[in-house]
Every structure is written in C-alpha cells, then in structure tokens.
Amino acid sequence: MAALAQLLTHVDAEEVVELTRALCRIPSVYRPGDPDATEARVAAFVETWLRREGFHVEVHEAAPGRPNVIGWIGETAPGQRALLLEGHTDVVTEGDPSEWSWPPFAAELVNGRIYGRGAADMKSGLAAAMVAAAAFKRAGVTPRGKLVLAALADEEDHMLGVRHFVTTPIARELTAAIICEPEDNELCLEQRGVVWARFTVRGRMAHGAMPEAGANPIHGLGRVLREVPALERRLRRRCERSRYLRPPTVTPTIIQSPPRGIGVPQSNVIPAQAEMTLDIRLTAGIDGEGVRAELEQVRARAAEASPDLKIEWEPVNPFRLATRVDRSEALVQAMGRGVRQATGRAAKYGGVPGSTDGTILRMELGIPIVTCGPGNRLIPHQVNEYVEASQIIEAARIYVASALNYLEA
Ligand SMILES: [Zn+2]
C-alpha cells in the first residue's frame, strides 16, 4: 500500500493532460500513398519520451514507415508475470475540418475537455499508459516481472501493428494486457468479434436487351442477400448471450457489380461479376470453423438456386472472433481492486461493441485482456471528438494501481 501511495504521487494531472494534447497535435491519419501521413511522427515522439524516462525501448517496423514502439521496465524470470499496457498511434480521418467547432489537430482545452481527432481514440489512453508506466521508474518501484508499454500502428485499418507485435519475443512473454481504448474507464471483459466475408458471383456478360444470352451475377447476389436474415438467426442461436453486448448481426456493407477494376458499369450491359461484403459481428461461443460452416451454407443455398452462376466466398482478412475473460482472472481481480484504490468507487463492468488490437492479442497469445480507458465509447470517429481531462487522470491512476496489484500478486 505504501508503494501505491508513492506511485500515485508521480501521476501528475497537468502532465497527463499536456501529454495528451501534445500527442493529439501530431496528426497520424494514415493516408495510403502519402509517405508523410503515417504514425511515424507520433511514434518518434513516444520513443523519445520513453527513452528519456529510462525505459528499455525497441522500435519495430510493422509495415514500411509504420513503426511500433515498445518500452518496458523490469525483467521476467520463470513463473513471473508480464503485463502490457496497449495503445495505438493511428487515428481515423478528421473528415471535413470546417465541420469541427475546434481545429481537429489543435487539442484545445475547453471546460475540462480536450477536443481533437484522437483525443478519445486514443491518444489520451496512450498518454495515461505512458505516465502510469513512468510512475514506476520515477518512484523507483521496480515491479516483480515486467511492465510493457506498446504504441502500435494501424489499429484502425488492418491491425498490422498488433499482428506484427504478436510475433516478437517480448509479446510472447506477456501474461495479460490492458487495452487502453475509450470505455469510460469501465472494465470491459468482452469484445464483439468481426468477420468480413466477400461473396463473389461469376456469370456471363450479355446485352441488357437480351438477358437470355447471358447469366446475370446480380441475381446470384440477390440469392445471397435473401440468406442474410436466416444466417443472422442461426448465429444468434449458436453464440452465447452476453450481459454487455448486443447479439450477433449480419450487415451487407458493400455491393459492386461489376467490381472495381473488372469492367466499367454500363446501363445496357449485364456484368460478368458481382461482389458483396457482409460485416458480421459475433459474441462468444462460436469458433472459426463454425463461422466458416455457416457461410458455406449461405453459399451452397444461393448456388443451388442459381445453377448457371458460380458463387464463392472468402474472408476479407483473418477472422477476429469475440473475446471474453472471466471475472476470476487475476488481471480482472487486480483491476477491480485497482479501480477502487485509484478512484474510491467500485468498478463498473462492460463490453466493447467492436474489435480492438486486444482481439488479436487474445486470439494469438491466448492471454486475458481487459479493455479500459478514458473517453466516451460513442465519441470516436465523430466530428468534435473530445475526452474529459478528469477521465485521463483517473485512467492513469487505475493503470498504476492495477499494474501494481497484478505484478506484485
Ligand atoms: Zn481505438
């Protein structure tokens, strides 16, 4: 307890807020084709900051010009724990800046809120994690085991950062992770999974005036579309009901015919090919094989009804299944106590409606994850994104107490 009190004196409210603002002022929207529009500048800032605080630091290129920054304190011996505080450095586009009441990269502080792209998602969570980890260094409290901080690239797109990170030796040592995404500092024990399935229908081109001469792939897509409600019902039966998350959903998001790059749309031409993407959200209880079997059933039924067409499906990227951790996990216990110590109130539990880098950590490393960070979970990706300064400070204190509880147990 003495150690915790000492650690918390090194979480300075003004520093956490100013660090968040400094991170927000470095734009890190990834714009393909523009070598200056990546996470590189914010990653360099984090790297310099961590080195100055005396962390061990490694920088890995997740993709060209898109670095992951990893810092840590302490060492692991057999049987000891290693806890990760995880954040991502990329932000989504600001959209049209004229729609913002404050410039999207100025990080203005107004009535206790910081406004800007990435304020909630998730430069504030990253700043809170940085200050929390640094508190151990500054207080001279060397944790038993290892405390790792990771600032990863590309969470908003293909999760290349975390996919690279899980292949590194330091990730393989981890025994648990806190994902510092904006969740109003609730302890989120579940995350919905996401699967993107692209259906491709191949037919035969013909003149629109003589449809009998061709095979129209758009009718095949219609058959797939008709299977969507039944697919959703089956997934709801197969997945478990969650206390915190909405049941599975199946949502068509992209339809193209002809698909981009394959011919030009013309009003009097039956295209050779049509494509549709389904965005499928899952709760726990189904594995990759189960999802594959369900999608195969959709394909088979649509194909049966369309004998002159070829219908296939493929995942757009690797499946991200739903994740769940138990209340009895050591990390959850450590954080539940941590919230009380850091804030004086009882922890609130919740779930994450989307998937995060934590999904990959849970699936690839098998470690328990809890998502907990400052910011309203509905505000990310919106115009006038903001974060309450008080929540950032609270998050930093929660991370300190939780890390101490977890590593010293
Ligand atoms: Zn995020």
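Located above this text is the structure these notes cover.
Parameters at a glance
- Residues numbered from 1 in each chain as written.
- Predicted model: local features only at pLDDT ≥ 70, side-chain atom pairs only at ≥ 80, totals over all residues.
- Heavy atoms only, no water.
- Donors = N, O, S within 2.8 Å, 3.2 Å for Na, K, Ca; no water.
- Tetrahedral: all angles 85-135°; square planar, octahedral: opposite > 155°, others 65-115°.
- Helix = DSSP H or I, 4+ residues; strand = E, 2+ residues; numbered from the N terminus.
- Pairing = 2+ DSSP bridges.
- Axes fitted to C-alpha atoms, helices over the stretch in contact; angles between N-to-C directions.
- Contact = heavy atoms within 4.5 Å.
- Phe/Tyr/Trp six-rings, centres within 6.5 Å; stacked < 30°, edge-to-face > 60°.
- Buried < 20%, exposed > 50% of the residue type's maximum accessible area, 1.4 Å probe, protein only.
- Lys NZ or Arg CZ within 6 Å of the ring centre and 35° of its normal.

K.L.:
Which residues make up the coordination of the zinc ion, and what values go with them?
P.N.:
Within the protein, the atoms that donate to the zinc ion are His88 (NE2), Asp121 (OD), Glu181 (OE) and Glu181 (OE), at distances of 1.9 to 2.5 Å. One can describe the site at the zinc ion as irregular: its four donor atoms subtend angles covering 55 to 142 degrees at the metal. Within one chain, the residues serving as donors to the zinc ion are arranged as H-x32-D-x59-E. Separated by 93 residues along the polypeptide, His88 in strand E3 (residues 82–88) and Glu181 in the loop between strand E7 (176–179) and strand E8 (187–191) bring together distant segments of the chain.

K.L.:
Outline the sheet that holds strand E18 (residues 386–388), listing residues and values.
P.N.:
Pairing is antiparallel across the open sheet formed by three strands, whose spatial order is E4-E5-E18. Edge positions in the sheet fall to strand E4 (108–110) and E18, since each has one partner strand and no second. Taken pair by pair, the neighbouring strands of this sheet meet at an average axis angle of 25 degrees, ignoring direction. Strand direction decides the pairing type here: E4 and strand E5 (residues 113–115), joined by three bridges, are antiparallel. Bridging from a neighbouring strand, Leu109 pairs with Ile114 of E5. Against the sheet, helix H12 (residues 389–408) contacts E5 and E18, and its axis sits at roughly 65 degrees relative to E18.

K.L.:
Lay out the sheet that holds strand E11 (residues 249–256) in plain terms, naming residues and giving numbers.
P.N.:
With antiparallel pairing, the four strands of this open sheet are ordered in space as E11-E13-E9-E14. Strands with a single pairing partner mark the edges of an open sheet, and in this sheet they are E11 and strand E14 (310–315). For this sheet the average axis-to-axis angle between neighbouring strands, irrespective of direction, equals 20 degrees. Contacts between helix H8 (residues 228–238) and the sheet are confined to E11 and strand E13 (273–282), with E11 contributing the most and set at about 145 degrees to the helix.

K.L.:
Can you break down the packing of aromatic side chains residue by residue, with the values?
P.N.:
The final tally for this structure, using the stated rule, is two aromatic pairs. Each ring, one from Trp102 and one from Tyr115, has its centre 3.9 Å from the other, and the planes form 20 degrees; the classification is stacked. Taken together, the residues Trp102 in the loop between E3 and E4 and Tyr115 in strand E5 connect sequence positions 13 residues apart. Tyr115 sits in the buried class, given a relative accessible area of 10%. Between Tyr115 and Tyr386 the ring centres are 5.8 Å apart and the planes differ by 45 degrees, which places this aromatic pair in the tilted class. Note that Tyr115 is positioned in strand E5 and Tyr386 in strand E18, a separation of 271 residues in sequence. In this structure an aromatic cluster arises from ring pairing among Trp102, Tyr115 and Tyr386. The cationic tip of Arg81 hangs over the ring face of Tyr406; the distance from NZ or CZ to the ring centre is 4.6 Å.

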